[in-house]
Protein chains: 2
Amino acid sequence: MAPRKAVAQELTREAIIDAARGLFQEKGYQNLSMRQIAQTLQYSHGALYYHFKNKAELFYAIVKQDFSLLDDTLDQILSRQLEPSEKLRRVLLGFIEFGLTHRSHYEIMFLIRDKEIQEFVDDGPSHSYEKFAKAVQSLSKNRLGIQTIWSLFLALHGFVTHYCRNQQSYEEVRSMAEYHVEFLLKGLLHE
Amino acid sequence: MAPRKAVAQELTREAIIDAARGLFQEKGYQNLSMRQIAQTLQYSHGALYYHFKNKAELFYAIVKQDFSLLDDTLDQILSRQLEPSEKLRRVLLGFIEFGLTHRSHYEIMFLIRDKEIQEFVDDGPSHSYEKFAKAVQSLSKNRLGIQTIWSLFLALHGFVTHYCRNQQSYEEVRSMAEYHVEFLLKGLLHE
DNA sequence: TATTTAATTAACCATCGTTCAATTAACTTG
DNA sequence: CAAGTTAATTGAACGATGGTTAATTAAATA
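If you check an unreviewed UniProt entry, chain A appears there as AcrR family transcriptional regulator from Brevibacillus fulvus.

Under the UniProt annotation, "domain: HTH tetR-type" (unreviewed entry) lies at residues 10–70 of chain A. The span residues 10–70 of chain A is 75% helical and 0% strand by assignment, and the distance between its end C-alpha atoms comes to 29 Å.

Right, let's talk about the packing of aromatic side chains for a bit. Residues and elements named next belong to chain A. Counted by the stated rule, this structure contains 24 aromatic pairs over all chains. With centroids separated by 5.7 Å and ring planes inclined at 80 degrees, the aromatic side chains of Phe-95 and Tyr-106 adopt a geometry described as edge-to-face. Within this pair, whereas Phe-95 is found in helix H5 (residues 84–101), its partner Tyr-106 is found in helix H6 (residues 103–111), the two being separated by 11 residues in sequence. With a centroid separation of 5.3 Å and an interplanar angle of 15 degrees, the aromatic rings of Trp-150 and Phe-153 are classed as stacked. Of this pair, Trp-150 and Phe-153 both sit in helix H9 (residues 146–165), separated by three residues, roughly a single helical turn. On the accessibility criterion, Trp-150 (16% relative accessible area) is buried. Taking the relative accessible area as the measure of exposure, Phe-153 reaches 3% and is therefore buried. Taken together through their ring pairs, the aromatic side chains of Phe-95, Tyr-106, Tyr-129, Phe-132, Trp-150 and Phe-153 make up a single cluster.

The next point concerns the interface of chain B and chain A. Taken residue by residue, the interface counts 39 residues in chain B and 36 residues in chain A. Interface area, chain B with chain A, both sides summed: about 3300 Å², of which 55% is carbon and sulfur. Taken together, the connections running from chain B to chain A amount to zero salt bridges. Inspection of the chain B/chain A interface yields six residue pairs in polar contact (both at pLDDT 80 or more). Contributing elements (two or more residues each) for the side of chain B that touches chain A: helix H1 (13–27), helix H6 (103–111), helix H7 (115–121), helix H9 (146–165) and helix H10 (170–189) of chain B.

Residue and element names in this part refer to chain B. In a regular helix each residue adds 1.5 Å, so 15 residues correspond to 21 Å; H1 covers 20 Å between its end C-alpha atoms and thus fits that length. Remark: the principal bend of H1, roughly 25 degrees, maps to Ala-20. Burial in H1 covers these residues: Ile-16, Ile-17, Ala-19, Ala-20, Arg-21, Leu-23, Phe-24 and Gln-25. Check the buried side of H1 and you find it contacts helix H2 (34–41), helix H3 (45–51), helix H4 (55–78) and H6.

With that settled, consider the relation of the copies chain B and chain A. One copy of the chain maps onto the second through a rotation about an axis and a displacement along it. After a rotation of 180 degrees and a shift along the axis of 0.1 Å, chain B superposes on chain A with an RMSD of 0.2 Å. Such a combination of rotation and displacement between the chain copies is what one expects of a two-fold axis.

For B:Ser151, the location among the structural elements is in helix H9. Each C-alpha atom of the pair B:Ser151 and B:Gly99 lies 17 Å from the other, and the pair is 52 residues apart in sequence.

Another point: the state of the cysteines. A complete count under the given rule lists zero disulfides over all chains for this structure. A:Cys164 carries a free sulfur, and the closest cysteine sulfur to it, the one in B:Cys164, is 16 Å from it. Judged by its relative accessible area of 0%, B:Cys164 falls in the buried class.

Right, let's talk about the pattern of salt bridges for a bit. Enumeration according to the criterion identifies 18 salt bridges over all chains in this entry. For the salt bridge of A:Arg21 with A:Asp66, the shortest nitrogen-to-oxygen distance reads 3.2 Å. Of the two residues, A:Arg21 sits in helix H1 (residues 13–27) while A:Asp66 sits in helix H4 (residues 55–78), which places them 45 residues apart along the sequence. Among the ionic pairs, B:Glu178 bridges to B:Arg174, the shortest N-O distance being 3.9 Å. Of the two residues, B:Glu178 and B:Arg174 are both situated in helix H10; the distance of four residues between them amounts to about one turn of the helix. Members of the salt-bridge network, linked through shared partners, are A:Glu86, A:Arg89, A:Arg90 and A:Glu182.

A word on the environment of A:His162. On the secondary structure map, A:His162 appears in helix H9. You can call A:His162 buried: its relative accessible area is 15%.

Here we take up the packing of H5(A) against H9(A). Residue and element names in this part refer to chain A. Where H5 contacts H9, the axes come no closer than 9 Å and their chain directions differ by 30 degrees. Judged on the interaxial angle alone, H9 and H5 are roughly parallel. Note on packing geometry: the crossing formed by H5 with H9 is right-handed. Here Leu-92, Phe-95, Ile-96, Gly-99 and Leu-100 of H5 lie close against H9, whose contacting residues are Leu-152, Phe-153, Leu-156, Phe-159, Val-160, Tyr-163 and Cys-164.

Cut-offs and rules
- Residues numbered from 1 in each chain as written.
- Chains lettered and ligands numbered in written order.
- Predicted model: local features only at pLDDT ≥ 70, side-chain atom pairs only at ≥ 80, totals over all residues.
- Heavy atoms only, no water.
- UniProt positions renumbered as here; feature names shortened; annotations may be inferred.
- Helix = DSSP H or I, 4+ residues; strand = E, 2+ residues; numbered from the N terminus.
- Phe/Tyr/Trp six-rings, centres within 6.5 Å; stacked < 30°, edge-to-face > 60°.
- Buried < 20%, exposed > 50% of the residue type's maximum accessible area, 1.4 Å probe, protein only.
- Contact = heavy atoms within 4.5 Å.
- Buried area = accessible area lost by both parts, 1.4 Å probe.
- Salt bridge = Lys/Arg side-chain N within 4 Å of Asp/Glu carboxyl O.
- Polar contact = N/O pair within 3.5 Å; in protein donor to acceptor, adjacent residues only side chain to side chain.
- Expected span 1.5 Å × (residues − 1).
- Bend = angle between axes of the 7 residues up to and from the residue.
- Least-squares fit on C-alpha atoms with pLDDT ≥ 70 in both.
- Disulfide = S-S within 2.5 Å.
- Axes fitted to C-alpha atoms, helices over the stretch in contact; angles between N-to-C directions.
- Parallel < 35°, antiparallel > 145°, perpendicular 65-115°, else oblique.
- Left-handed = near helix turned anticlockwise from the far one by under 90°.

As structure tokens, this is what we get:
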């Protein structure tokens, strides 16, 4: 009744995740169907259920990758040999760059609101924020209070959110991002 | 075949809009059905189509009201008898208060990404931003540049966005909002 | 009473998540 | 290399839900 595809390469979890991530970002969780994902991959929708139990599990697999990617990005900046003030600048800029380079990751992590999804995400976002906050605090030699760091985060978040929504790349807004970071650092000097 | 309801009060465009606004904010455009709106109103879904051509038209009617509401909020603050620096503080705080008090408006205006919707919205958001930017510029006696004002907006936007997503009211986060505004004003002093 | 207005409900067609029997490509074993 | 086995894929089918339309009818109005 159904011929199996002559596979050049078999469908893998990774291939599905990679295709689905961009699509989820573009359309949102509810507005992207398993059938659309399958169509993008040129496979039947049934094939997806061989690799993932259901839509939620596929989505969760993506989110999990996303959070560890931000962690890695921050770690990489922190491990460089630079002055603390320069490191701080790069952490802030790095956060924006992460958000706009991996828009789909960022949106899934910090923007999507959906009850079915919130259950999965758990404390992923707060864990990522803690990492960011601790980095900023130590780089400022403990001069910045919790509230200030939180304001800083929200200010960066606004930048990323806006340009995520506008579908613009980091390269396109780089100079504006640098300005934004300078603007925020200026305020921090006078804490 | 179908008995008409013994109406205590007839369904009106306004009643539909008022009920739908909150629901759209809560669930998003795609995830809210005409049937759900009707159920909330205790009417049949067909009744909605007597008052609105379709779902998009209903949504558009809401958005149109939203933009003018933000304009009014800003106008009201600007017309008060206060020092410019205090007015500036209140404009920033007022923007946050607007966003969190009228979450549904704000989300529809600045957060929802949806092709079907973007067509309607046109230049509503940019018009609202222009109003905000001009107010800030004049209140700072033209000391703030375009880029700085834009950064300021994005920083406020991040605050509103975050707490919109978290479903928190303005009252709940008021002191944090005040801190955020102070944080931003501090940076402005040293432009 | 005749007409208009405002509502109801059934029905149509599309899409979705998910399941599952059928099918076959690829691999294993003798 | 043949036969059997496993793994991967297909597509039909099920039950929900959705937007929208149209026939119908009750209430209000003239």
